[in-house]
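Notes for the structure review
So you can see what is in the structure, the chains are spelled out below.
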Amino acid sequence: MAMKFPSEPFKIKVVEPIRTTTREERSRLIQQAGFNIFNLPAESVYVDLLTDSGTAAMSDQQWAGIMLGDESYAGSRNYHHFEKTIQEIFGYKHVIPTHQGRMAENLLFSACVRPGDIVPNNTHFDTTRANVEFYRAQALDLPVVAARTPSLPHPFKGNMDLEKLAALLQEKGREKIPLVLMTITNNSVGGQPVSLENIRAVRDLCRLHQIPLFFDAARFAENAFFIQEREPGYRNVPIPEIVREIFSLGDGCTMSAKKDGLVNIGGFVALNDDSLAEEITHMLILVEGFPTYGGMAGRDLEAISIGLREVLDENYLSFRISQVRYLGDQLDQAGVPIIKPVGGHAVFLDASAFLPHIPPDLFPGQALVVALYKDYGIRGVEIGSLMFGRKDPLTGRDLPAPNELVRLAIPRRVYTNMHISYVAESVIDLFSRASSLKGLQIVHEAKRLRHFTARLCEVGP
Ligand code: PLI
């Protein structure tokens, strides 16, 4: 029987009630929040699609693992399980626990990035970029050209631009480039996957120039699923084997376990190089904790070890990817402009096409985010000129971001397909009356990362 919905490969044992709110209440709350969804009380949100990070529901096995936490300062048995699991899945020798992904990045870069260096990546996530820049190096994004056009389909839109990378490595060499990064999946261009063919080619270039290759593995299992689905020759290859092949092509990885670790907190660095591992471990002790817990409790380590196995289950992955795709397909069929193809963890709305009457300096993405909350209780996030707009150094005026997007990120195992249908119907309803939406202006902003704290007001279009 052909299913209309991808059906959930789990049943629900614990429920968290959601408080319902009225439109009037939400209208008041969003005004009080300065039209910034980061300032809202989460309790007032019906479907929270702000992020898929740290928002997963854990399984009964993971909760059972939590009860087996060994909270010894040194030598916790949970660390040994964690180390063995990561060694088996990723194939790297050293496993260094951290409290989340950005600390893994910071520790890795502390040991190898120097001022004036260049770090290429298919696209840096914003914390990765900020950590590279913290060490006074340049974070260079080299996505394939297709990634720049939201409506253009491409099976591996997360890929690295090989020609640009080859030219950069040739010009700057290992003196200026301490490592090459590959973010899988490529979050910032829409959760788009990277092919094994592309990874292999990047590895060859890195080898030629003797530069290490590291992965940002936050959504590695989703990436492996897309390889199995789309890359010639991988249809019948089990996910764990695809994962081993990916990581065998690199020298190490950083990971935010808050995504494909299926947990609410945690991360790690894994790598083969002994001296680099030693240097990172020294820093770890200084800023995070002893090497057998990093910044986590023993119980957190256990939940990650179990989550990393569960995420490789093809039933889980197939449902996960299909649920996100189901939302994208509903919207696409109704003519709502989205990034295509739909990526692994989120559907991205193209706000410039959704609200063509609102120019970038009146933040169409934010206008869309505000309306989704006010009218339907759905929280998405703007990824456009509010988040990434830069000031012109000469005029002080805002320069628009390359794209005006709204990300609807789907937490793992949290929402049922009825919630997803509700989101689809709401977005389609909003699209039918999009011309009535108003733009926004900033009334207060911080110097850095302004989207988190900015306050705005509505203006007439
Ligand atoms: O939030 P952290 O520090 O555990 O992880 C940072 C991080 C690193 N790499 C990638 C690809 C990410 O997507 C990422 C965090 N992402 C968030 C918070 C998100 O909302 O997408």
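Above this note sits the structure.
Below, the structure is looked at part by part.

**Points about the side chain of His419**
Along the chain, the position of His419 falls in helix 16 (residues 417-432). Assessed through its relative accessible area of 16%, His419 is described here as buried.

**A short note on the nonpolar core**
By size, the foremost hydrophobic cluster in this structure holds 61 residues, and its most contacted members are Phe90, Val180, Phe215, Phe220, Ile246 and Phe247. No other element matches the 6 residues that helix 8 (residues 220-230) contributes to this core. Residues within four places of Phe247 in sequence aside, it is in contact with Phe90, Tyr92, Ile184, Phe215, Ala217, Phe220 and Cys253. Ranked by size, the runner-up nonpolar core spans 58 residues in total, among them Phe354, Tyr376, Val381 and Ile383.

**Let's talk about the sheet that holds strand 11 (residues 381-383)**
Reading across from one edge, 9-14-11 is the order of the 3 strands in this open sheet, with antiparallel pairing throughout. Looking at the sheet topology across the chains shown, the edges are occupied by strand 9 (346-350) and strand 11. Adjacent strand axes in the sheet meet at a mean angle of 30°, parallel and antiparallel pairs treated alike. In this sheet, strand 14 (residues 405-409) lies alongside strand 9 in antiparallel orientation, the contact comprising 5 bridges. Note that in strand 14 the partner of Asp350 across the bridge is Leu405. Along the sheet face, helix 12 (residues 314-333) touches strand 9 and strand 14 and points at about 25° away from the line of strand 9.

**Quick look at the packing of helix 4 (residues 101-112) against helix 10 (residues 274-287)**
Relative orientation of the contacting elements helix 4 and helix 10 amounts to 125°, with a least axis distance of 9 Å. As the angle between them shows, helix 4 and helix 10 are arranged oblique. For the pair helix 4 and helix 10, the sense of crossing is right-handed. Judged by residue contacts, Met103, Leu107, Leu108, Ser110, Ala111 and Cys112 of helix 4 engage Leu276, Glu279, Ile280, Met283, Leu284 and Val287 from helix 10. Split into classes, the residues belonging to the contact of helix 4 with helix 10 amount to 10 nonpolar, 1 polar and 1 charged.

Calculation notes
What you see as residue numbers is a count from 1 along each chain, following the sequence as written. The predicted origin of the model limits local features to residues at a pLDDT of at least 70 and limits the giving and counting of side-chain atom pairs to 80 or more, whereas totals for whole chains, interfaces and linings rest on all residues. Hydrogens and waters are ignored; side-chain quantities use all the structure's heavy atoms. Secondary structure elements are defined from DSSP: runs of H or I of at least 4 residues count as helices, runs of E of at least 2 residues count as strands, and each element is numbered from the N terminus. The rule is simple: take the accessible area with a 1.4 Å probe, protein chains only, and divide by the maximum for that residue type; under 20% is buried, over 50% is exposed, in between is partly exposed. Only buried residues count toward a nonpolar core. Its members are Ala, Val, Leu, Ile, Met, Phe, Trp, Tyr and Cys residues joined through side-chain atoms within 4.5 Å. Whether two residues are in contact is decided by their heavy atoms: any pair within 4.5 Å suffices. Here, any two strands with at least 2 DSSP bridges between them count as paired. What counts as an axis is a line fitted to C-alpha atoms, over the stretch in contact for a helix, and the angles between N-to-C directions run from 0 to 180 degrees. Just so you know how the angles are binned, under 35 degrees is roughly parallel, over 145 roughly antiparallel, 65 to 115 roughly perpendicular, and the rest oblique. Each crossing gets its hand from how the near helix is turned against the far one by less than a right angle, where anticlockwise is left-handed and clockwise is right-handed. In the scheme used here, Gly and all other residues not listed as nonpolar or charged are polar, with Ala, Val, Leu, Ile, Met, Phe, Trp, Tyr, Cys and Pro taken as nonpolar and Asp, Glu, Lys and Arg as charged.

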